[in-house]
Amino acid sequence: MRIFFVLMVLFCMDLTAQNTEFKVYDNGLIYSENSVGKLKHIVDSLNLKFKVCDFKKIFLSSAQTKVNFIEINKSDASEAKKDLENNISYSDFKTKYPKAAFDENLVVIKSHYTNYEHVKNVNFSSLELGERQRQTISSSQNEIDSYNNNFKGKWVFEYQEKTKYSKESLRAFYFIEEFKSKPIVDKYAKLIQYADCLIDTTAQIFYKDAKNSGVRYFDSLPNKATKFKEYVNNTLKKPSFSYEKLSLIYGYDEMAFDADSMKKNKEDIANKEVAEKEYKVYQKNLEKWESVKFTRLDSIEKADKNFDLMLNEAFIEAKINKSSDEEFEEYVGRFIGKREELELKRNRRVIGGCSMDDSPRVHALNIAMLSAETTKWEIFLRSHLNIMNDRFDRASDGSYAQGARNTYIKEIEVLDINVLDLILGISLRIENPSENHYFSNINRVGRALSESSNPTLVEMNLLNMIVDTDLDDYNRVLMYYLFDNYNYNLKDENAKKLNQSKLQVAVSKLPDYISSRIIFKN
């Protein structure tokens with residue numbers, strides 16, 4: 001456990017020292033000119049495919065409705081619960097419980113999820129507008145099924161019994177209307193179709209039985225990949241640094257109160273200073289070793305007849321057991337092939353160990369680069385979009401770390417993709433998406449669009465969508481979110497002020513029950 005702690009601290013602290021997230025090539029991109037050229041060729045054929053496709057699918061807007069919200073945090077919550085169970089009318093409830101909290105005419109959408117106990121649930125969530133928080137209420141799927149999709153004039157509620165830590169409480173939605181969903185008009189349906197054309201909905205980055213990996217995952221079983229790495233390290237005499245000395249540098253500090261402890265503390269401080277000097281020397285030696293590693297390995301591969309045999313046996317086992325890591329995969333790519341390296345990478349998901357752990361993003365970039373080199377567009381674009389949307393699992397994720405994760409919109413703009421149409425197509429929310437349809441993170445793509453080469457087009461399209469009554473309320477609000485995030489991330493303060501005025505005008509065209517909730521700060 002102590003070694004694990006030291007490794008975690010060392011890993012996360014080292015990441016804070018990095019100046020740039022990824023290597024940038026001479027073309028100013030994170031992909032080489034050779035890779036970009038291969039991808040452009042694929043995009044040309046996809047754009048042609050989109051032009052000749054006969055799309056017949058009708059996309060429907062996400063089901064949405066209007067509700068009134070109530071909340072009681074007093075002793076009469078249990079009595080109010082009984083009234084809701086008896087389906088008391090909303091007006092009678094207001095009369096009987098005048099001190100309850102009320103919020104009326106909220107736009108609500110629903111989603112489905114399975115909790116940690118494997119119970120299917122339905123989540124009802126209001127749109128977060130202005131400074132008002134989102135209200136959410138969850139109920140079991142079985143309970144919601146009993147409504148038979150007839151919600152108008154009924155309640156969905158959550159009741160918390162009194163405990164020694166909290167009072168009893170009741171939160172509920174009263175449905176003013178039924179859930180409604182309408183066809184997405186052609187001009188917006190084409191955006192969704194364009195996204196599905198570019199992002200292959202039949203493909204996934206990782207194989208179904210891919211393993212989780214990362215700094216928190218240890219495979220203690222001996223395997224041929226590990227043995228091959230040990231062979232390389234021993235043959236090339238890789239520099240090493242002991243865990244004991246790492247513990248001196250990054251271990252827990254001890255408080256000293258008595259004379260013996262204070263004496264021991266002085267010894268520890270002196271030992272730590274020595275270890276830190278030795279660690280700097282180790283880092284320089286390691287950097288030098290890494291710089292010539294593959295040149296030396298090329299010679300060893302030719303001289304040692306067992307080299308290829310050991311590597312191929314380890315590769316075959318790694319494919320079956322999914323027992324690889326980035327170091328071994330790099331050897332496979334160098335001496336067996338890029339397609340084989342990609343195959344191993346798609347066999348493991350990388351889970352971030354801390355907020356500063358960028359290994360999931362590095363893994364995604366490596367997959368994207370290998371996909372570009374091996375012309376696997378369907379894997380490339382999903383992987384790049386995951387980097388743009390920062391769609392990765394982490395054990396923890398503090399907001400302080402998120403600003404350093406760039407979106408890399410330039411990398412797809414140079415491919416002659418209609419990037420704005422693509423982003424809008426994955427940002428619209430629909431009830432009947434294609435299987436594996438890619439949905440964006442509105443915050444992240446708003447930031448991406450702020451770096452677009454054509455801000456005028458971005459602003460015009462988003463503002464037009466906000467005011468367009470052909471579009472459903474939910475998607476109009478999402479376009480407001482998207483524009484707001486876009487504007488927040490702009491560097492030009494004068495442009496931001498001008499856009500704020502334009503956004504206020506657009507928001508005023510939304511229905512009053514939405515626009516009245518959005519407050520603009522000067």
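Residues numbered from 1 in each chain as written. Predicted model: local features only at pLDDT ≥ 70, side-chain atom pairs only at ≥ 80, totals over all residues. Heavy atoms only, no water.

**Details of the overall build of the protein**
Assigned secondary structure in the protein consists of 21 helices and eight strands. With respect to the three principal axes, the spread of C-alpha positions in the protein is 85 × 75 × 50 Å. The buried share of the protein, reckoned over its 522 residues, is 46%. Once local pairs closer than 6 in sequence are excluded, the contacts in the protein between residues at least 24 apart make up 72%. Accessible surface for the protein amounts to roughly 28,500 Å². Of this, 49% is attributable to carbon and sulfur atoms. (Helix = DSSP H or I, 4+ residues; strand = E, 2+ residues; numbered from the N terminus. Buried < 20%, exposed > 50% of the residue type's maximum accessible area, 1.4 Å probe, protein only. Contact = heavy atoms within 4.5 Å. Areas by Shrake-Rupley, 256 points an atom, 1.4 Å probe, with all protein chains shown as cover.)

**Observations regarding the environment of Ala195**
Along the polypeptide, Ala195 turns up in helix α6 (residues 186-198). A C-alpha to C-alpha distance of 7.6 Å links Ala195 and Asp421, two positions 226 residues apart in sequence. Once you skip the residues sitting within four places of it in the chain, Ala195 turns out to touch Leu422, Gly425 and Ile426.

**Re the pairing of strand β1 (residues 64-72)**
For β1, the buried fraction is high: eight of the nine residues fall into the buried class. Sheet topology note: the β1/strand β2 (residues 101-114) ladder contains seven bridges and is antiparallel. Counterpart to Lys66 in the pairing with β2 is Val107. Relative to strand β6 (residues 169-175), β1 is paired through six bridges, and the arrangement is antiparallel. Paired with Val67 across the two strands is Phe175, which belongs to β6. (Pairing = 2+ DSSP bridges.)

**Quick look at the nonpolar core**
Taken as a class, soluble globular proteins show a tendency for nonpolar side chains to be buried jointly. Core analysis: the biggest nonpolar cluster contains 76 residues, and Trp377 and Ile417 have the highest contact counts within it. No other element matches helix α19 (residues 473-488), which puts nine residues into this core. Leave out the neighbours within four places in its chain, and Ile417 touches Val43, Tyr194, Leu198, Trp377, Ile412 and Leu422. (Core = buried A, V, L, I, M, F, W, Y, C linked by side-chain atoms within 4.5 Å.)

**Side note on the packing of helix α11 (residues 326-335) against helix α12 (residues 338-345)**
Direction vectors running N to C along α11 and α12 enclose 160°, while the axes themselves pass 7 Å from each other. It follows that α11 is roughly antiparallel to α12 by the angle criterion. Only Lys338, Glu340, Glu341, Leu344 and Lys345 of α12 make contact with α11, whose side of the interface consists of Glu326, Phe328, Glu329, Glu330, Val332 and Gly333. When the residues that make up the contact of α11 with α12 are grouped by side-chain class, the tally is three nonpolar, one polar and seven charged. (Axes fitted to C-alpha atoms, helices over the stretch in contact; angles between N-to-C directions. Parallel < 35°, antiparallel > 145°, perpendicular 65-115°, else oblique. Nonpolar A, V, L, I, M, F, W, Y, C, P; charged D, E, K, R; others polar.)

**Some thoughts on the pattern of salt bridges**
According to the stated counting rule, one finds 23 salt bridges in the structure shown. Across the salt bridge formed by Glu128 and Arg134, the nearest N and O atoms sit 3.5 Å from each other. With relative accessibility at 34%, the residue Glu128 sits in the partly exposed group. The exposure class of Arg134 is partly exposed, given its relative accessible area of 41%. Across the salt bridge formed by Arg361 and Asp390, the nearest N and O atoms sit 3.1 Å from each other. In this pair, Arg361 is assigned in helix α13 (residues 359-373) and Asp390 in the loop between α14 (377-389) and α15 (410-413), connecting sequence segments 29 residues apart. Asp390 matches Arg361 in its accessibility class, with the two residues each being buried. Linked by salt bridges that have partners in common, Glu21, Arg361, Asp390, Arg394 and Arg405 make up one network. (Salt bridge = Lys/Arg side-chain N within 4 Å of Asp/Glu carboxyl O.)

**Comments concerning unusual backbone geometry**
With phi around 60°, Asn105 is a residue other than glycine that occupies positive phi space. Checked against the element boundaries, Asn105 lands in strand β2. The phi angle at Asp416 is positive, at roughly 65°, despite the residue not being glycine. Within the fold, Asp416 resides in the loop between α15 and α16 (419-427).

**Regarding the confidence of the model for the protein**
Residues with a pLDDT of 70 or more make up 91% of the protein, whose mean pLDDT is 89. No element of the protein has a lower mean pLDDT than helix α1 (residues 2-16), at 49, and none a higher one than helix α18 (residues 455-467), at 98. Here residues 1-6 scores under 50 on pLDDT; set against residues more than four positions off or in separate chains, the count is ten contacts. Across residues 254-258 the pLDDT falls below 50, and counting only partners more than four positions away or on other chains, this stretch makes five contacts in the model. (pLDDT = per-residue confidence, 0-100.)

**Things to note about the sheet that holds strand β3 (residues 120-126)**
Within the open sheet, the six strands sit side by side as β4-β3-β2-β1-β6-β5. Their pairing is antiparallel. Each edge of the open sheet carries a strand with a single partner, namely β4 (136-140) and β5 (155-160). For this sheet the average axis-to-axis angle between neighbouring strands, irrespective of direction, equals 30°. Sheet topology note: the β2/β3 ladder contains seven bridges and is antiparallel. In the strand pairing of β3, Lys110 is matched with Phe124. Sheet strands in contact with helix α3 (residues 77-85) are β1, β5 and β6, and its direction is about 155° off that of β5.

**A short note on the side chain of Asn389**
Within the secondary structure, Asn389 sits in helix α14. Ignoring anything within four residues of it in the chain, the contact list for Asn389 reads Tyr438, Ser440, Asn441, Arg444 and Val445.

**Comments concerning the environment of Glu411**
With respect to the element layout, Glu411 can be found in helix α15. Residues Glu411 and Ile72 lie 339 residues apart in sequence; the distance between their C-alpha atoms is 51 Å. Those residues in contact with Glu411, other than ones at most four positions away along the chain, are Gly28, Leu29, Ile30, Tyr31 and His384. Within the structure, the side chain of Glu411 is placed 2.9 Å from the backbone nitrogen of Ile30, a separation counted as a polar contact. (Polar contact = N/O pair within 3.5 Å; in protein donor to acceptor, adjacent residues only side chain to side chain.)

**Let's talk about the packing of aromatic side chains**
Summed over all chains, the structure comprises 30 aromatic pairs. Judged by centre distance (5.4 Å) and plane angle (35°), the rings of Phe241 and Tyr282 are tilted. You can see Phe241 sitting in the loop between α7 (224-235) and α8 (243-250) and its partner Tyr282 sitting in helix α9 (residues 259-303), a full 41 residues away along the chain. Of the two residues, Phe241 and Tyr282, both sit in the buried class. When the ring centre of Tyr438 is taken as reference, the NZ or CZ atom of Arg391 above it lies at 4.4 Å. Sitting over the ring of Tyr488, Lys496 keeps its end group 5.7 Å from the ring centre. (Phe/Tyr/Trp six-rings, centres within 6.5 Å; stacked < 30°, edge-to-face > 60°. Lys NZ or Arg CZ within 6 Å of the ring centre and 35° of its normal.)

**Digging into a positive patch on the surface**
On the surface, Lys74, Lys99, Lys162 and Lys167 cluster together into a positively charged patch. Examined against the element boundaries, Lys99 turns out to sit in the loop between α4 (90-96) and β2. Residue classification places Lys99 among the exposed residues on the basis of a relative accessible area of 72%. (Patch = residues over 30% accessible without salt bridge, like charges linked within 9 Å, V, L, I, M, F, W, Y side chains within 5 Å. Lys, Arg positive; Asp, Glu negative; His and termini not counted. Charge placed at Lys NZ, Arg CZ, Asp CG, Glu CD.)

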